[in-house]
Structures are given as C-alpha cells and as structure tokens.
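What follows is each chain in one-letter form.
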Amino acid sequence: MTETTQDALKFAYWVPNVSGGLVISNIEQRTDWTIDYNRKLAQIAEANGFDYALSQIRFTAGYGAEFQHESVSFSHALLESTSKLKVIAALLPGPWNPALAAKQIATINHLTNGRIAVNIVSGWFRGEFQAIGEPWLDHDERYRRSEEFIRALRGIWTEDSFTFRGDFYRFSNYSLKPKPIDPQPEIFQGGSSRAARDMAARVSDWYFTNGNTPEEIAKQVNDIRAKARENGHSVKIGVNAFAIVRETEEEARAVLAEIIDKANPEAVNAFGHEVKNAGKASPEGEGNWAKSSFEDLVQYNDGFRSNLIGTPRQVAERVVALKRAGADLILLGFLHFQEEVAYFGEHVIPLVRALEQAEAETPIAAE
Ligand SMILES: Cc1cc2nc3c(=O)[nH]c(=O)nc-3n(C[C@H](O)[C@H](O)[C@H](O)COP(=O)(O)O)c2cc1C
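Reading guide: rules and limits
Residues numbered from 1 in each chain as written. Predicted model: local features only at pLDDT ≥ 70, side-chain atom pairs only at ≥ 80, totals over all residues. Heavy atoms only, no water. Helix = DSSP H or I, 4+ residues; strand = E, 2+ residues; numbered from the N terminus. Rg over C-alpha atoms; globule rule 2.2 N^0.38 Å. Contact = heavy atoms within 4.5 Å. Areas by Shrake-Rupley, 256 points an atom, 1.4 Å probe, with all protein chains shown as cover. Lys, Arg positive; Asp, Glu negative; His and termini not counted. Charge placed at Lys NZ, Arg CZ, Asp CG, Glu CD. Pairing = 2+ DSSP bridges. Axes fitted to C-alpha atoms, helices over the stretch in contact; angles between N-to-C directions. Phe/Tyr/Trp six-rings, centres within 6.5 Å; stacked < 30°, edge-to-face > 60°. Buried < 20%, exposed > 50% of the residue type's maximum accessible area, 1.4 Å probe, protein only. Lys NZ or Arg CZ within 6 Å of the ring centre and 35° of its normal. Near = heavy atom within 4 Å. Polar contact = N/O pair within 3.5 Å; in protein donor to acceptor, adjacent residues only side chain to side chain. Nonpolar A, V, L, I, M, F, W, Y, C, P; charged D, E, K, R; others polar. Core = buried A, V, L, I, M, F, W, Y, C linked by side-chain atoms within 4.5 Å. Right-handed = clockwise from strand over helix to strand, strands pointing away. Parallel < 35°, antiparallel > 145°, perpendicular 65-115°, else oblique. Left-handed = near helix turned anticlockwise from the far one by under 90°. Salt bridge = Lys/Arg side-chain N within 4 Å of Asp/Glu carboxyl O.

Within an unreviewed UniProt entry, the label attached to the chain reads Dimethyl sulfone monooxygenase SfnG, and the organism entered is Xaviernesmea oryzae.

What follows is the structure in structure tokens.
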C-alpha cells in the first residue's frame, strides 16, 4: 500500500530563468526569461496559492535554452520581490563546491527570513561540462559526489568545527558563521535513477522526479520510502507536470497537439539523444527519460505524462490521484506562465483543496 500524507499538497512552478520556455516547440509562448517578467510571475504565484518556485541551472545553450540566468542570484532577486514564496535554487556540484554554496545560501537565508531552499542536480548534459572545463564523471559517480555535497552542506549548516573526509570534498574544523536560521534550508534533489532514489533515501529532504502516471510514481515512492525507513530517514516527493488547463478538454488537448505539431524535431531528437545517453550511463539504464517517447521529450522533464491536461475539474482530480500515489508536491510548467499560473491558482487549487478535504473526511485506502 502506498504511503500518503494527510498534509495539504504543495504547489511549485518552474522559474523560466532560461529562454525558450519549457517545451521544445515553435508554438507561440507568452513566457519570458527576463527578471521583470519573472518578478511579476513570482508575485502572481504567491498571491494564487503557490508555495515554491524552482529555478534552473544551465551553463550553456542547449535545445532551445539560448540564454540562461544563473540560479542562485536569480532566486535571490525573486525572494526580494515577494514576501511568502519559497524559492528553490538549483546547485550543480562540480561548478559549485559546498563551501561556497553553504556560505552563499546561509547569507540569502538571513536576507530573506529563511525562504531559500536548494535543489541539488547531478548533471545530464555532457557538452555543458566539456564547455566549461568540468570533468564529466560516470553516472553513479555524479551521485556519489552529490551525496557528499549534501552531507557537507548539512554539516556546515548545523555543526561547529565541521570535519569531513570524503572522496570529493574535505573539511577540517570548519565553523560557518552565521549559520542559517531555523528552519534549515530544505534540500531537494532531481533525478529518477536507482542512484538518485538511493541518495534521496539517505540524505535529501525532497525527491523531485520527472512527470509520470500515478502507478509509476507509486512504484518510485514505495521504493524510496522503504529504503528511507531502513536508513531512519524520511523524504518527501515532488512530481513534475506540464499543465494545460482550459474550459473544455477539447481546447486543452488541441493545445497539446499544437505544441507537438510545432515541435522542433532536430532539437527534440538531439535532446533525447543527450538525456538517454546520460540515463543509460547508469548501471541499470533506467534514469529519467529511459522510456520517454518523442512526444514526451518535447517537454524537458516528461511533464505531459502526468496528464494534467483538461478542464479544471479533470486536472484537480488527477492532481489528487498523484497525491494518493504518494506525491507531496506538484511542480508545474505552463505555456504562458503569468496567465496560466493565475488561472491554475484560481480554478484548480481550490478544487484540489475541496477534494483533499473530502478525502480527509472519508479516507479511501490507497492501492
Ligand atoms: C525537477 C527537476 C529539476 C532539475 N533541474 C535541473 C537543472 O536545473 N539543471 C540541470 O542540469 N539538471 C536538472 N535536473 C536533472 C537532474 O539533476 C538529473 O541529472 C537528471 O534528472 C537525470 O538523472 P537520473 O539519470 O538519475 O534519472 C533536474 C531534474 C528534475 C527532476
């Protein structure tokens, strides 16, 4: 039986801090990667029931993302423009080392009353690492490094005279001052491979995974939570989805069809080649994107697979099905972010809250 939570689901949106939106398609997108657009978007999101915003880190162009703002400084700017929203800044071990990251995030934590969180990403884009002169480690080695990175962050944030002897990082009697104020910055991670799940079950607060059906999400959740329990750890689950919510299902499906019709096949296939190689490099060959079709790959993180495409009621019911499968948070991408974040907050989140309330009153045993 899948373990579910009675807590209200959290909602996050992808910060469009890279150009080209979240689909590799020539469809019109009224989404912009600039700071002015993003400040307003963050304000719209916090006024409409969103809890978190997730920024992205990319060092080079690739498959549509020609321009890319850096994640930590951009996240800080969004925190300065809002008052409640938490912003999750992506950190890529390799370019970042934990000493700098811990210091940077601790300062932003003080500047923003504790609203910064981090997402540790392990890298999928070999060309990016080559372009910036970073060694490209094997798949599972990337996760071994990320795990040391997370252990180092936590140690620096919580201990005085922190000493750590890892294969990638070393610390001797290091005392960070000031440390972050409580609650400590939450540590998210992205990836779905066995190495990613095992790392989540040992050290992360949150596991972010690509879009998928409730059945497939439940398999990941059960695996992670069983392992976490053995480790005396607990981890929450965030699931990606690309939402297309319209008054009628036909309209929503027509938008999806247009996104796919106008996909740029060369860019989608090149992206698919890159990510499938990165995933196959895991010993089990089952990382994110291992089973992605051409259509799935038009959205960077398999967001169509979560099927949040339809009317507000259909989408709210599917959101609750993901919750029943074990999701604690839904991470959302949209075609026209400002308009659609507002629409989602007005028309879908209240229905989700009503359904959650109804389930809390008559709990249904999850399969
Ligand atoms: C929600 C989410 C956000 C991610 N954000 C980034 C990012 O900003 N930059 C990046 O290089 N990779 C990002 N990734 C990629 C992952 O860190 C990882 O490299 C990828 O999912 C493949 O992992 P796997 O082979 O373990 O499944 C993200 C992944 C997920 C699921």
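So that's the structure; there's more coming.
Asker: Hey, could you go over the overall build of the chain for me, with residue numbers and the actual values?
Answerer: Of regular secondary structure, the chain possesses 13 helices and twelve strands. Expected size for 367 residues packed as a compact globule is a radius of gyration near 21 Å; at 20 Å, the chain falls within 12% of this value. Of the contacts made within the chain by residues no fewer than 6 positions apart, 76% connect residues no fewer than 24 positions apart. Accessible surface, the chain: about 15000 Å² in total, of which carbon and sulfur atoms supply 50%. Between the averaged position of the 39 positive side-chain charges in the chain and that of its 50 negative side-chain charges there is a distance of 5 Å.

Asker: How would you explain the sheet that holds strand 2 (residues 52-54) if you had to name every residue and give the values?
Answerer: Spatial ordering of the closed barrel is given by 1-2-3-4-7-8-9-12, a layout of eight strands whose pairing is parallel. Neighbouring strand axes in the sheet, compared pairwise and without regard to direction, differ in orientation by 25° on average. Pairing of strand 8 (residues 206-209) with strand 9 (residues 236-242), which is carried by four bridges, proceeds in the parallel orientation. Among the inter-strand pairings, threonine 209 is bridged to a residue of strand 9, identified as valine 239.

Asker: Pulling in residues and values, what's your account of the packing of aromatic side chains?
Answerer: Enumeration according to the criterion identifies 24 aromatic pairs in this entry. Ring centres of tryptophan 124 and tryptophan 289 lie 6.2 Å apart, and the angle between their planes is 65°; this geometry places the pair in the edge-to-face category. Here tryptophan 289 lies in the loop between helix 9 (265-280) and helix 10 (294-297) and tryptophan 124 lies in the loop between strand 4 (116-120) and helix 4 (126-131), a separation of 165 residues in the sequence. For the residue pair tryptophan 124 and tryptophan 289, the accessibility class agrees, reading buried in each case. Here a set of aromatic residues connected by ring pairs shows up, and it is made of Phe11, Tyr13, Phe50, Phe334, Phe337 and Phe344. Between the NZ or CZ atom of arginine 58 and the centre of the ring of tyrosine 300, over which it lies, the distance is 5.0 Å.

Asker: Provide a residue-level description of the environment of valine 268, including the pertinent values.
Answerer: Relative to the helices and strands, valine 268 is located in helix 9. Other than its neighbours up to four places away in sequence, valine 268 contacts Ile24, Ala263, Phe294, Leu297 and Val298.

Asker: Any chance you could break down the site of the ligand for me, citing the residues and the numbers?
Answerer: By nearness alone, 24 residues border the ligand, and Ile57, His139, Tyr143, Ser193 and Asn288 come closest of all. Contact distances for the ligand include 3.1 Å between an oxygen atom and a backbone N or O atom of serine 122. Measuring from an oxygen atom of the ligand, one finds a side-chain N or O atom of tyrosine 143 at 2.5 Å. Summarising the interface, the protein chains cover 97% of the accessible area of the ligand, which totals 640 Å² for the free molecule. Tallied by class, the residues present in the shell around the ligand amount to ten nonpolar, 14 polar and no charged.

Asker: Give a detailed account of the nonpolar core, specifying residues and quantitative values.
Answerer: Ranked by size, the top nonpolar core spans 119 residues in total, and within it Tyr13 and Phe344 carry the most contacts. The greatest single-element share of this core, amounting to seven residues, is contributed by helix 5 (residues 139-158). Setting aside chain neighbours within four positions, we find tyrosine 13 in contact with Leu41, Ala42, Ala45, Phe50, Tyr52, Ala53, Leu54, Leu85, Leu331, Leu332, Phe337 and Val341.

Asker: With reference to specific residues and values, describe the pairing of strand 1 (residues 10-14).
Answerer: When you tally the buried positions in strand 1, you get four out of five residues, the bulk of the element. Strand direction decides the pairing type here: strand 1 and strand 12 (residues 329-333), joined by four bridges, are parallel. Paired with lysine 10 across the two strands is leucine 329, which belongs to strand 12. One ladder, built from three bridges, connects strand 1 with strand 2; its direction is parallel. From the neighbouring strand, tyrosine 13 faces strand 2, where its bridge partner is alanine 53. After leaving strand 1, the chain enters helix 1 (residues 35-47) and then returns to the sheet as strand 2, a path that is right-handed.

Asker: Lay out the packing of helix 5 against helix 6 (residues 194-202) in plain terms, naming residues and giving numbers.
Answerer: Relative to each other, helix 5 and helix 6 sit at 15°, their axes nearing to 9 Å. In this view, helix 5 runs roughly parallel relative to helix 6, as classed from their interaxial angle. Once helix 5 is placed against helix 6, the crossing between them reads as right-handed. Within the contact between the two elements, helix 5 uses His139, Asp140, Tyr143, Ser146, Glu147, Ile150 and Arg151 and helix 6 uses Arg194, Ala195, Ala196, Met199 and Arg202. Taken together, the residues of the contact of helix 5 with helix 6 break down into five nonpolar, two polar and five charged.

Asker: Please provide a residue-by-residue account of the pattern of salt bridges, values included.
Answerer: In this structure the tally under the stated criterion is 23 salt bridges. Between aspartate 205 and arginine 154 there is a salt bridge whose closest N-O contact spans 3.0 Å. Here aspartate 205, found in the loop between helix 6 and strand 8, pairs with arginine 154, found in helix 5; they are 51 residues apart in sequence, far enough to count as distant. Judged by relative accessible area, which is 21%, aspartate 205 ranks as partly exposed. As a salt-bridge pair, glutamate 258 and lysine 262 come within 2.7 Å of each other at their nearest N and O atoms. Several salt bridges share partner residues, and in doing so they unite Asp140, Arg194, Arg197, Asp198, Asp223 and Lys227 into one network.

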